[in-house]
Amino acid sequence: MKNILFVCTGNSARSIIAESIINNEYSNKFKAFSAGSNPSGKINQDVKSFLEKNKNYDLRNYSSKNFEEFINNEIKMDHVFTVCNNANNEVCPIWPQKEQIIHWDIEDPVSKLQSANNEEKQIIIRNTFNIISSKIKDWVNEK
C-alpha cells in the first residue's frame, strides 16, 4: 500500500477531489491524503456536494488542513502531487523531498464557482473532476 499526498493552495477543491478519487477508486493500491499551503479550513461546499451526491463518495473524515502537518508526520509519503495552476500565479507548495513531487497544472475551480449558477457549478466541478480522474488513471496505469 503506497501513501499519496495531494497538495494545492487552499485544500478545498482539487486536492480533495484527487484524494477522494484515489480512496474510492484505487483503495486496493493506494491511501490518499490532501493538504494545502494556505488551507481555507473547509472543503468547498459545491465540491463536497458533487462528490457525495454525484459520485457517492463519503467525505465525513475529510478536512482542509496545512501540508506542514505531513512533513514530520509518521506517515511516509511515497508520492506527493501538487495540483496548483502556475498559469494563474498560484504559489505551489514546496515539499522537502523534491524528487518525490509530481506537478499537475490544474486550474482552481473555486473562483469560478463563486459567480456560477447551479448548472454552471456542476459543469465546472465535473470538468475539474474529469481532468483529475484522467491524470490519476494515466499515472496509475504507468505504475
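Quantities reported herein were computed from a predicted structural model and do not represent experimental measurements.

Novice: If you had to explain the overall build of the protein to someone new, which residues and values would you point to?
Specialist: Along the protein, the regular secondary structure elements total 5 helices and 4 strands. N-terminal to C-terminal, the α/β element order of the protein is β-α-β-α-α-β-β-α-α. For a compact globule of 143 residues, the expected C-alpha radius of gyration is about 15 Å, and the protein comes in at 14 Å, within 12% of that figure. Expressed along its principal axes, the backbone C-alpha trace of the protein runs to roughly 40 × 35 × 25 Å. Relative to its 143 residues, the protein shows a buried fraction of 48%. Considering only contacts in the protein between residues 6 or more positions apart, those separated by 24 or more positions represent 71%. Carbon and sulfur atoms provide 42% of the accessible area of the protein, an area that totals close to 7800 Å².

Novice: Explain the nonpolar core to me, and be specific about the residues and the numbers.
Specialist: Membership of the largest hydrophobic core comes to 33 residues, with the highest contact counts inside it found for Phe-6, Ile-21, Ile-22, Leu-51, Trp-104 and Ile-136. Elements with a contribution of two residues or more to this core: strand 1 (2-8), helix 1 (14-25), strand 2 (30-36), helix 2 (45-54), helix 4 (110-114) and helix 5 (118-142). The element contributing the most residues to this core is helix 5, with 7 residues. In this structure Leu-51 touches Ile-16, Ile-17, Ser-20, Asn-56, Tyr-57, Leu-59 and Phe-129, once residues within four positions along its chain are discounted. Among the nonpolar cores identified, the runner-up in size contains 8 residues, and Ala-35, Phe-70, Met-77 and Val-80 belong to it.

Novice: Explain the packing of helix 1 against helix 5 residue by residue, including any values.
Specialist: Pairs of packed helices are described in terms of their axes, by the angle between the two and the distance that separates them. Packing of helix 1 against helix 5 leaves a shortest axis separation of 10 Å and a crossing angle of 50 degrees. The orientation of helix 1 relative to helix 5 falls into the category oblique. Between helix 1 and helix 5 lies a crossing whose hand is right-handed. Between helix 1 and helix 5, the contacting residues are Arg-14, Ile-17, Ala-18, Ile-21 and Ile-22 on the first element and Thr-128, Phe-129, Ile-132, Ser-133 and Ile-136 on the second. Looking at the contact of helix 1 with helix 5, its residues break down into 7 nonpolar, 2 polar and 1 charged.

Novice: Quick rundown of the sheet that holds strand 4 (residues 101-103)? Include the residues and the values.
Specialist: With respect to topology, 4 strands assemble into an open sheet ordered 2-1-3-4, the strand pairing being parallel. This sheet does not close on itself; its edge strands, each paired only once, are strand 2 and strand 4. Adjacent strand axes in the sheet meet at a mean angle of 25 degrees, parallel and antiparallel pairs treated alike. Where strand 1 meets strand 2, 7 bridges bridge the pair, whose relative direction is parallel. For Ile-4, the partnering residue across the bridge sits in strand 2 and is Ala-32. Helix 1 rests against strand 1 and strand 2 of the sheet, and its axis sits at about 170 degrees to strand 2.

Definitions and limits used
Residues numbered from 1 in each chain as written. Predicted model: local features only at pLDDT ≥ 70, side-chain atom pairs only at ≥ 80, totals over all residues. Heavy atoms only, no water. Helix = DSSP H or I, 4+ residues; strand = E, 2+ residues; numbered from the N terminus. Rg over C-alpha atoms; globule rule 2.2 N^0.38 Å. Buried < 20%, exposed > 50% of the residue type's maximum accessible area, 1.4 Å probe, protein only. Contact = heavy atoms within 4.5 Å. Areas by Shrake-Rupley, 256 points an atom, 1.4 Å probe, with all protein chains shown as cover. Core = buried A, V, L, I, M, F, W, Y, C linked by side-chain atoms within 4.5 Å. Axes fitted to C-alpha atoms, helices over the stretch in contact; angles between N-to-C directions. Parallel < 35°, antiparallel > 145°, perpendicular 65-115°, else oblique. Left-handed = near helix turned anticlockwise from the far one by under 90°. Nonpolar A, V, L, I, M, F, W, Y, C, P; charged D, E, K, R; others polar. Pairing = 2+ DSSP bridges.

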